[in-house]
Protein chains: 2
Amino acid sequence: VTSAPPAAKKPFEDNRPIGLFDSGIGGLTILRSLMSALPNESFIYLGDTARLPYGSKSPETIKRYVKQNMTLLGNLDVKGVVVACNSASTVLLDKDTEFPVPIYNVIEPGAESALQVSTTKRIGVIGTNATVHAHAYGHVLQKLDSNCTVFSRACPLLVPLVEEGWVDDPITNLIIYRYVSPLLANGIDTLILGCTHYPALRGGIGRVVGPTVSLVDSSEAITDRMLADMAGGHFGKSTQRSLIRVLTTDVSPVFTDVATRLMAPQLLPNIELVNL
Amino acid sequence: VTSAPPAAKKPFEDNRPIGLFDSGIGGLTILRSLMSALPNESFIYLGDTARLPYGSKSPETIKRYVKQNMTLLGNLDVKGVVVACNSASTVLLDKDTEFPVPIYNVIEPGAESALQVSTTKRIGVIGTNATVHAHAYGHVLQKLDSNCTVFSRACPLLVPLVEEGWVDDPITNLIIYRYVSPLLANGIDTLILGCTHYPALRGGIGRVVGPTVSLVDSSEAITDRMLADMAGGHFGKSTQRSLIRVLTTDVSPVFTDVATRLMAPQLLPNIELVNL
C-alpha cells in the first residue's frame, strides 16, 4: 500500500451506530459484510429507493441527493457514515470536510486492495455510468501508484439483472462477457467490482474472467479499512450491538424481495419508510 | 370499440401548447408521434430524469411525482396533458378531476386499440413492474370487454436495454423471448407494448412473437385518440406550431444520447433543466 497510514492510537469506545447510505438496496451487501465482521456494532442503513438509481444521473443531481442523505444520518447521531454506493462516493471524493464525523467511501479502499493484489498493475474497473464517467477509481489508483494502467467499462445492465434475480444465468453471463472482454483483451490481472450490486454476480464474473484475474469487492475492502481504523484508534468501537435499522424513501414488494436476497444469509430487518 | 364516444361538436381553435410528461425520456416516442401527426401543434415535454424510473417504485411515490409534474405543466398554460408514461398513467386511472384541462393517459387508448385488432380476445401486456403489478391494462380491458382474457408480464430489463442502445441485438432478442414466451404459450393474438420505451424494440419483439400476433403501440393509439377528439370538437386545435420545448429535471450526456436516438428521425430540441 502506498498511502501512509496515520500513526496508531489507543482504541476507544463509542457506542453510537454506524450510518450507511446508498441510492437503493445494493449497499446492503456492504451492510451485510460489516454486520458479520463487526458483531458488536449497531447500524442505520438509508436507501434512497424513491430516487434510485444514482448511476445514470449527473454529478450535480447526485451531490444534491448525497447531501440530503448525510443530513438525515447526521440527525440520527451516527458516529460515522459509510457511503455504500460507488456513484455517490464518486461525488464525495472532493471531500465535504464540514461533516462532523468520519466519512468512508468505497472507492479508496477498493483502489488500495486492487493495488495490493495486482502484479502487472493493469487494473480493470466495472461500474455504473456515473462511476465510470467520473474516472473515480482511475484518479485514486493513479494517485496511489502512477505506474498503474486503468481500463474501465460502464455496465449499466448489471444492476437491473441482479434486481431481476438473473444471477447464475446464461443470459447474464453473455452480457458479462460482452462488457468484460475488452478489458481482458487489455491484459488486466485485477478487476474492481465498482458497484455494490456486483458481488451478487461474483460467480458469473469469475467464470468469465477466469482464474488469472483477481476480483476486488469493495464491501470487503471497506470492512478491512474500518477494522484497521478501529484497531488503530482512529474510529470508535462499540461494546454491544443495540440496533440494526433499515430506512428507505420508497417501499415496494419488489424492493423487499431484492433486498432480502442481497442480505442473505443475514435476515433483513423491517424496513422503515422515511421522507427526504 | 365498446366505449360510447361523446357526441361530436364543432372543432375549435386553441393555440396553447400540449403538455406531456414522463419519468424520463421514453415518452419522447409519444412526442415524436404527436409531432408528426399534428404538425400545427406546439408541445412542452417534461422528463423527470432526476427521479427516473417510476416503473420500479410504489404507487404512493409515483403519485407524488405525477402531481408535481402536472403542477409544473399547468403553470406553463398548456391546453391538455398527455401522461406519456405507462407507470404514471397507472396511478392516474383513479382520475384527478380537479385538474383544469383534459388529461390523456396511454392506458385507455392502448386497451381500445388492442380490442379492435384482437379476434381471439386473448391479449398480452408487457410493461414495467409498476404497470404490470397495478393490473392497469387488465382493469381497463375487462371494463371495455368482459369476455377478454389478459396475460401480463413485467419486463424490467427492456428499458435498460433500450437505454444501452442494444436494439436489434441477439442478447436483447433472447431476453425478449424469455419474457414473452409464457404469453405466447397462453395463445395471445395481440400484445400491448405497455411502456413508452418498447417501440424502440418493435423489430425484435415482432420477430419473437411472429406474424400471427399483432403489436399495439400506445404512442400510435394516443395519437389517434387526440386526432379524433380534435375532429370531434372535444379538444382544441392549433393553427400554427410556435414552440417545441423539452424540459428535464436532470441533464447528462448519456440521457442526451438516448433521447436523440429515441426522437430520430426528428431532431431533439435543446434540453432545458428545471427543478422539481
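Residues numbered from 1 in each chain as written. Chains lettered and ligands numbered in written order. Predicted model: local features only at pLDDT ≥ 70, side-chain atom pairs only at ≥ 80, totals over all residues. Heavy atoms only, no water.

Peer 1: Account for unusual backbone geometry, with residues named and values stated.
Peer 2: Of the consecutive residues Leu52 of chain A and Pro53 of chain A, the connecting peptide bond is found in the cis state with omega at -10 degrees. Along the chain, Pro53 of chain A turns up in the loop between strand S2 (43-47) and helix H2 (59-75). Backbone geometry at Asp77 of chain A places phi at a positive 60 degrees, although glycine is not the residue there. Within the element layout of this structure, Asp77 of chain A appears in the loop between H2 and strand S3 (81-83). Unlike most non-glycine residues, His135 of chain B shows phi in positive territory, near 50 degrees. By secondary structure assignment, the location of His135 of chain B is in the loop between helix H5 (129-133) and helix H6 (136-144). (Helix = DSSP H or I, 4+ residues; strand = E, 2+ residues; numbered from the N terminus.)

Peer 1: With reference to specific residues and values, describe the interface of chain A and chain B.
Peer 2: Quoted interface sizes are often the accessible area lost when the parts come together. Counting residues at the interface gives 33 residues for chain A, matched by 33 residues for chain B. Regarding the contact of chain A and chain B, the summed buried area is about 2,600 Å², with carbon and sulfur atoms giving 58% of it. Of all residues in chain A, Leu157, Trp166 and Arg178 of chain A give up the largest surface area on contact with chain B, accounting jointly for 21% of the area buried on that side. If you look at where chain A meets chain B, you find two salt bridges. A salt bridge links Asp169 of chain B to Arg178 of chain A; its shortest N-O distance comes to 2.6 Å. Where chain A meets chain B, there are 14 residue pairs in polar contact (both at pLDDT 80 or more). For the side of chain A that touches chain B, the secondary-structure elements that each account for two or more residues are H2, helix H5 (129-133), helix H7 (158-164), helix H8 (170-185) and helix H11 (253-263) of chain A. It is H8 of chain A that contributes the most residues to the side of chain A that touches chain B, six residues altogether. Taken together, the residues that form the side of chain A that touches chain B break down as 17 nonpolar, nine polar and seven charged. (Contact = heavy atoms within 4.5 Å. Buried area = accessible area lost by both parts, 1.4 Å probe. Salt bridge = Lys/Arg side-chain N within 4 Å of Asp/Glu carboxyl O. Polar contact = N/O pair within 3.5 Å; in protein donor to acceptor, adjacent residues only side chain to side chain. Nonpolar A, V, L, I, M, F, W, Y, C, P; charged D, E, K, R; others polar.)

Peer 1: Could you give an account of the sheet that holds strand S4 (residues 103-105) of chain B, naming the residues involved and the relevant values?
Peer 2: Residues and elements named next belong to chain B. The strand order across the open sheet formed by six strands is S4-S3-S1-S2-S9-S10, and the pairing between neighbours is parallel. The sheet terminates laterally at S4 and strand S10 (271-273), the two strands that pair on one side only. When the angles between neighbouring strand axes are averaged without regard to direction, this sheet yields 25 degrees. Bridge count for strand S9 (residues 244-248) against S10 is three bridges, and the pairing is parallel. Paired with Leu247 across the two strands is Glu272, which belongs to S10. Each of strand S1 (18-22), strand S2 (43-47), strand S3 (81-83), S4 and S9 is contacted by helix H2 (residues 59-75), which is oriented at about 155 degrees to S1, the strand it contacts most. (Pairing = 2+ DSSP bridges. Axes fitted to C-alpha atoms, helices over the stretch in contact; angles between N-to-C directions.)

Peer 1: Account for the relation of the copies chain A and chain B, with residues named and values stated.
Peer 2: Mapping chain A onto chain B is achieved by rotating through 180 degrees and translating by 0.0 Å along the same axis, at an RMSD of 0.0 Å. Here the symmetry operator amounts to a two-fold rotation axis. Among all residues of chain A, the minimum C-alpha distance to the rotation axis is found for Arg51 of chain A, at 2.3 Å. Of the interface residues in chain A, 100% have counterparts in chain B that sit at the interface too, so the contact is made through matching surfaces. (Least-squares fit on C-alpha atoms with pLDDT ≥ 70 in both.)

Peer 1: Mind laying out the sheet that holds strand S10 (residues 271-273) of chain A, listing which residues take part and the relevant values?
Peer 2: Residues and elements named next belong to chain A. Pairing is parallel in the open sheet, where six strands are placed in the order S4-S3-S1-S2-S9-S10. Both outer strands of the open sheet, strand S4 (103-105) and S10, are each paired with one neighbouring strand and no more. Taking the axes of each pair of neighbouring strands and ignoring which way they run, one obtains an average angle of 25 degrees across the sheet. Alignment of strand S1 (residues 18-22) against S2, held across five bridges, turns out to be parallel. Bridging across to S2, Ile18 finds its partner in Phe43. Sheet strands touched by helix H1 (residues 28-37): S1, S2, S3 and strand S9 (244-248). Its angle to S2, the strand with the most contacts, is close to 170 degrees.

Peer 1: With reference to specific residues and values, describe the side chain of Asn129 of chain A.
Peer 2: Within the secondary structure layout, Asn129 of chain A lies in helix H5. Contact partners of Asn129 of chain A, with chain neighbours within four places excluded, come to Gly55, Ala154 and Pro156 of chain A together with Val254 of chain B.

Peer 1: Go over the pattern of salt bridges, please, and point to the residues and values.
Peer 2: Close approach of charged atoms allows side chains of opposite charge to pair. Residues and elements named next belong to chain B. Counted under the stated rule, the structure contains 20 salt bridges over all chains. For the salt bridge of Arg16 with Asp77, the shortest nitrogen-to-oxygen distance reads 3.3 Å. Of the two residues, Arg16 sits in the segment before S1 while Asp77 sits in the loop between H2 and S3, which places them 61 residues apart along the sequence. Using a relative accessible area of 29% as the deciding quantity, one classes Arg16 as partly exposed. Residue classification places Asp77 among the partly exposed positions, given a relative accessible area of 43%. Among the salt bridges present, the one from Glu41 reaches Lys79, with a minimum N-O distance of 2.7 Å. With Glu41 in the loop between helix H1 (28-37) and S2 and Lys79 in the loop between H2 and S3, this pair connects stretches of sequence that are 38 residues apart. (Buried < 20%, exposed > 50% of the residue type's maximum accessible area, 1.4 Å probe, protein only.)

Peer 1: Could you give an account of the packing of aromatic side chains, naming the residues involved and the relevant values?
Peer 2: Across all of its chains, the model carries six aromatic pairs over all chains by this definition. Ring centres 5.5 Å apart and planes at 40 degrees place the aromatic pair Tyr54 of chain A and Tyr65 of chain A in the tilted group. Here the residue Tyr54 of chain A occupies a position in the loop between S2 and H2, and Tyr65 of chain A occupies one in helix H2, the gap between them amounting to 11 residues. The interplanar angle of 40 degrees and the centroid separation of 5.4 Å between the aromatic rings of Tyr179 of chain A and Trp166 of chain B together place this pair among those described as tilted. Of this pair, Tyr179 of chain A sits in helix H8 while Trp166 of chain B sits in the loop between helix H7 (158-164) and helix H8 (170-185), placing the two residues on different chains. For Tyr179 of chain A, a relative accessible area of 0% gives the class buried. For Trp166 of chain B, a relative accessible area of 8% corresponds to the buried category. Here Arg178 of chain A stacks its cationic end above the ring of Trp166 of chain B, 4.4 Å away from the centre of that ring. Note that Arg51 of chain B overlies the ring of Tyr65 of chain B, its terminal NZ or CZ placed 3.9 Å from the centroid. (Phe/Tyr/Trp six-rings, centres within 6.5 Å; stacked < 30°, edge-to-face > 60°. Lys NZ or Arg CZ within 6 Å of the ring centre and 35° of its normal.)

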